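# Report on the structure
The chain contents come next:
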Number of protein chains: 2
Amino acid sequence: MEWMKISGTACAFVWMLAAGPAVCAEAMFSWNEGPAKESILNFVQDVTDGAGDRYVPPGRRIAVFDNDGTLWAEQPVYFQALFAIDRVKALAPQHPEWQGQEPFAALLRGDLSALLAGGERSVAEVLAATHAGMTTEEFEKIVSDWLGSAKHPQTGKPYNRMVYQPMLELLEYLRANGFKTFIVSGGGVEFMRVFAEQTYGIPPEQVVGSYGRQKYEVSDEAGPLLIKLPEIDFVSDGPGKPVAIQRVIGRRPLAAFGNSDGDFQMLQWTCSGEGARLCLIIHHTDAAREWAYDRASRIGHLDETLAAARTKGWIVVDMKRDWKRIYSGDMIDESTAH
Amino acid sequence: MEWMKISGTACAFVWMLAAGPAVCAEAMFSWNEGPAKESILNFVQDVTDGAGDRYVPPGRRIAVFDNDGTLWAEQPVYFQALFAIDRVKALAPQHPEWQGQEPFAALLRGDLSALLAGGERSVAEVLAATHAGMTTEEFEKIVSDWLGSAKHPQTGKPYNRMVYQPMLELLEYLRANGFKTFIVSGGGVEFMRVFAEQTYGIPPEQVVGSYGRQKYEVSDEAGPLLIKLPEIDFVSDGPGKPVAIQRVIGRRPLAAFGNSDGDFQMLQWTCSGEGARLCLIIHHTDAAREWAYDRASRIGHLDETLAAARTKGWIVVDMKRDWKRIYSGDMIDESTAH
């Protein structure tokens, strides 16, 4: 069947030409049949059916996605933290004092526990050393170079091949049905923008995240520059997520996707709006293909939100049950293995 | 000629189907022929010509517009200040103490000078009284109701009919050529979003402005709410404009449009990027049809930026010379007069 071969990109064009109900469900090929997939398809059917009473015009179809643990993996620790650690190692020769200074000394020994134990102050020190004191353009290049060469310590995969193939298909499916897709993450906005467009098809202006202060400066030699300062300005996590959504997007989303208690308020805010709404949690249940964790995990801690899902009718994706494959990188491996 | 009749909306569809060079220059019908219009057309021609060496792909065609004095009028004082004054009057019965308390007492007598003389502290007090202590949705409704009934004290026109018809055509022309159009204004982001989509075709998520702090709260009765707090968080003016652009849009614009020294850094940041760039200033020169002001004006003060335009090759639009008509409202008056 020709229809079955429609690619994600072709789907996008289908939408532009069609004013009708949901299209391109075939693009969700890495999702097993079951209640999670069915809920997504029903929701999209509802809001795109011009004859139905839950119809929402295309411009108002806003979908927000957490990033760490929702679009790409987050174990054994957030990938941005792994970037910061690699950066500390790269900068260590210029900072001999770090050998006797925590949390740097521990990080240089490969010990993450000092960073986690040191709490906010340790994190702020590492962020200041690795994410500030340079221009925005210099930072972009550092992240881009890192992504091009760094490998995950356990899987050996490049980080941007540890994105979830079913979620890529979901993003594409929503866009094919007139949704505008945003990231709303606790991660650093300038870190995510380096790969979000190429990896997820989400342009920089649709990436919302935490950020530090910046200073506009005009240098005699280099002209105008934006300098990243070592002060955190806003953290887009927990109750900060609806605030960030209002500040940047300016309207309540129709659909929200998360995986941890840091996403609770974003899901709550989204699904307390009127009309058709979709709230969905990725539950990491697959220790064989990825990781299995929830209530006991420090990273991606999922407790209150999982309980709320049951009472509020939010969809819980069971990775092991609902996903045929996990990583986009695995897709490439499959096709090149032939 | 059929081609000449193409409307703005039809132009947008032309672009989606055409990968070729600039389209829909005919839409700029309120612009007189001259160097300003010619510079705009040449710039769009340059960045849309796939065979040229200044070509920029559609996703990267970002254009940023100041609002007050650039898209709509700003005299005798910013319209958002006129909203705040009307709001003080509407709330006065609940605040008998305002009769003896500046700047409120002066505003209730119709005297703006106390507000301007009181500086930041006065402005902050009026903002706290009129823009905070309510939910985001309540604020939207207040602004929307005001826009639907309020009239400008001098022209007697509704405020959203005091938008510049040539700028509406420019917005449409840029969008027809694959540009994504943003507002980047010192005005309040939540104030502008109420009318930006209907008035300018700019959706809420493409409006960047100043904002106050907000608090996420869950009420037993009303569910989750975002409460506007009486603290200014960020002012998107002067050097704050490039910072806001980086924070929200995440890439340097190709084109920037402003009218005052508060736009200087936005123009400087935009036009110091590589490749084809367009920076343009609206110079208010038409006392008969609008207002004439620049260096001596408190509102829309234009001095340094006008001088810079000459040395940097920024385009200066002389309203009197370059625009056939001023307000979108005048267009409606013309057509209904027949």
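Report on the accompanying structure. Within every chain, residues take consecutive numbers counted from 1 along the sequence as written. As a convention, the first chain written is A and the first ligand written is 1, with the rest following in written order. At least 70 in pLDDT is required for a residue's local features to be given in this predicted model, at least 80 for side-chain atom pairs to be given and counted, and no such filter applies to totals for whole chains, interfaces and linings, which use all residues. For the side-chain quantities, the full set of heavy atoms in the structure was used; hydrogens and water were omitted.

## Let's talk about the relation of the copies chain B and chain A
Rotating chain B by 180 degrees and translating it 0.0 Å along the rotation axis places it on chain A, where the RMSD comes to 0.0 Å. Here the symmetry operator amounts to a two-fold rotation axis. Every residue of chain B has its C-alpha some distance from the rotation axis, and the shortest such distance is that of B:Val248, at 3.3 Å. Taken as a fraction of all interface residues of chain B, those also at the interface in chain A reach 100%, which identifies the copy contact as same-surface. Fitting of the copies onto one another was done by least squares over C-alpha atoms, counting residues only where both copies have pLDDT of at least 70. In this analysis, two residues are considered to be in contact whenever any of their non-hydrogen atoms come within 4.5 Å of each other.

## Side note on the environment of B:Val77
All names here are of chain B. In this text, helices come from DSSP runs of H or I with a minimum length of four residues, and strands from runs of E with a minimum of two, each type numbered from the N-terminal end. Along the chain, Val77 turns up in the loop between strand E1 (62–65) and helix H3 (79–91). Separated by 223 residues in sequence, Val77 and Gly300 place their C-alpha atoms 9.0 Å apart. Setting aside anything within four residues of it in sequence, one finds Val77 in contact with Leu82, Leu112 and Ile299.

## Remarks on the state of the cysteines
Cysteine pairs can be linked by a disulfide, which is a covalent bond between their two sulfur atoms. Residue and element names in this part refer to chain A. Note on disulfides: each one is a pair of cysteine sulfur atoms within 2.5 Å. The tally for this structure, following the rule as stated, stands at two disulfides over all chains. Cys271 shares a disulfide with Cys279; S-S distance 2.3 Å. Negative torsions about the S-S bond denote left-handed disulfides, and the value of about 120 degrees found for Cys271 with Cys279 makes this one right-handed.

## Brief notes about the side chain of A:Lys228
All names here are of chain A. Its location among the elements puts Lys228 in strand E5 (residues 223–234). Each residue is assigned to one of three classes by its accessible area relative to the maximum for its type, calculated with a 1.4 Å probe on protein chains only: buried under 20%, partly exposed between the two thresholds, exposed over 50%. In this structure Lys228 comes out as buried when scored by relative accessible area, which is 10%. Excluding anything up to four places from it in sequence, Lys228 contacts His131, Ala132, Gly133, Met134, Thr135, Thr136, Phe139, Glu190, Arg213 and Gln214.

## Section: the interface of chain B and chain A
How large an interface is tends to be reported as the accessible area lost when its parts come together. Each side of the interface is counted separately: chain B has 36 residues, and chain A has 36 residues. The largest contributions to the chain B side of the interface with chain A come from B:Glu205, B:Tyr216 and B:Arg247, which together make up 21% of the buried area. Any Lys or Arg side-chain nitrogen located within 4 Å of an Asp or Glu carboxyl oxygen qualifies as a salt bridge. Inspection of the region where chain B meets chain A yields 10 salt bridges. A salt bridge links A:Asp233 to B:Arg247; the nearest nitrogen and oxygen atoms lie 2.9 Å apart. Summed over both partners, the accessible surface that disappears when two parts come together, traced with a 1.4 Å probe, is what is meant by buried area.

## Remarks on the packing of helix H10 (residues 240–249) of chain A against helix H11 (residues 264–271) of chain A
Any two packed helices are characterised by the angle at which their axes cross and by the distance between the axes. All names here are of chain A. At a minimum axis distance of 7 Å, the contact between H10 and H11 shows a crossing angle of 55 degrees. Taken together, the axes of H10 and H11 lie oblique to each other. Each of Lys241, Pro242 and Ile245 in H10 lies in contact with H11, whose residues at this interface are Gln265, Met266 and Trp269. Each axis is a line fitted through C-alpha atoms, and for a helix only the stretch in contact is used; angles between axes span 0 to 180 degrees, taken between their N-to-C directions. Each angle is binned into one of four classes, with values under 35 degrees roughly parallel, values over 145 roughly antiparallel, values of 65 to 115 roughly perpendicular, and all other values oblique.

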